[in-house]
Amino acid sequence: MAQKQKQEEEDKVRLDKWLWAARFYKTRALAKEAIESGKVHYRGERCKPGKEPHVGDELQIRTGFDERSVIIEALSIVRRGAPEAQTLYRETEQSQARREAAAAMRKAGALGVTTDGKPSKKQRRQLFSFRSGD
């Protein structure tokens, strides 16, 4: 009886709880906030934290600089170790390639703007006149 009830509970899992259990976010509150702010897309669309994911569904998850496309392999409401959490999803090959390319660009410094520091008084005057159109 208890086993059947637990199986039914795991079939009905909230998206924020699943993201927390799969270790994408440290807390359920952070997972909920990410979903509400549009950083998690379920089947290509924004969703609510109470959405019930199903095995085989695709999620797009943005965390920091990285954007992942993952396919749900299993459902769980229990947060366990990282090796077990990684069995809950499978990242698509295109997503892995994009993340690796973006990491290489960041490492090379191609995305960031590098400066020599604070502009001098003369450079500030030139910037001001450029912006005002003089």
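Residues numbered from 1 in each chain as written. Predicted model: local features only at pLDDT ≥ 70, side-chain atom pairs only at ≥ 80, totals over all residues. Heavy atoms only, no water.

**Notes on unusual backbone geometry**
Step number 1: Despite not being glycine, arginine 23 has its phi angle at roughly 65 degrees, a positive value.
Step number 2: With respect to the helices and strands, arginine 23 occurs in the loop between α2 (15-21) and α3 (28-36). (Helix = DSSP H or I, 4+ residues; strand = E, 2+ residues; numbered from the N terminus.)

**Remarks on the sheet that holds strand β4 (residues 66-72)**
Step number 1: With antiparallel pairing, five strands are arranged side by side in an open sheet as β2-β1-β3-β4-β5. Every interior strand has two partners, whereas the edge strands, β2 (45-46) and β5 (89-91), have only one.
Step number 2: Here two bridges tie strand β1 (residues 40-42) to β2, and the two strands are oriented antiparallel to one another. Pairing of histidine 41 across the sheet is with arginine 46, part of β2. (Pairing = 2+ DSSP bridges.)

**Observations concerning α3**
In an α-helix, one turn spans 3.6 residues, which is why side chains three or four residues apart end up on the same side.
Step number 1: What α3 keeps buried is the set Ala31, Ala34 and Ile35. Across the axial projection of α3, the buried residues extend over an arc of 100 degrees, all falling on one side. Counted as exposed and oriented over 90 degrees from the buried face of α3: Ala29 and Glu33.
Step number 2: Next to the buried residues of α3 lie α2 and β1.
Step number 3: Glycine 38 sits one or two residues past α3 and shows a positive phi near 90 degrees. (Buried < 20%, exposed > 50% of the residue type's maximum accessible area, 1.4 Å probe, protein only. Arc of directions from axis to C-beta. Contact = heavy atoms within 4.5 Å.)

**Focus: the pattern of salt bridges**
Step number 1: Enumeration over the complete set of coordinates arrives at nine salt bridges.
Step number 2: Between aspartate 16 and arginine 28 there is a salt bridge, with the nearest N and O atoms lying 3.5 Å from each other. Here the residue aspartate 16 occupies a position in helix α2, and arginine 28 occupies one in helix α3, the gap between them amounting to twelve residues.
Step number 3: With relative accessibility at 2%, the residue aspartate 16 sits in the buried group.
Step number 4: One salt bridge in this structure joins arginine 43 and aspartate 57, with 2.8 Å as the shortest N-O distance. Of this pair, arginine 43 sits in the loop between β1 and β2 while aspartate 57 sits in the loop between β2 and β3 (58-63), and the two are 14 residues apart along the sequence.
Step number 5: Aspartate 57 sits in the buried class, given a relative accessible area of 7%.
Step number 6: Where salt bridges share partners, they join Arg14, Asp16 and Arg28 into one cluster. (Salt bridge = Lys/Arg side-chain N within 4 Å of Asp/Glu carboxyl O.)

**Considerations on the pairing of β3**
Within a regular strand, the side chains alternate between the two sheet faces.
Step number 1: Relative to β3, β1 runs antiparallel, the two sharing three bridges. If you follow histidine 41 over to β3, its bridge partner there is glutamine 60.
Step number 2: As judged from the six bridges shared by β3 and β4, these two strands associate in the antiparallel manner. Residue glutamine 60 lies in a different strand from β4, and its bridge partner there is serine 69.
Step number 3: Where β3 folds back onto β4 in an antiparallel hairpin, the turn is made up of two residues, including glycine 64, whose phi is positive at roughly 65 degrees.

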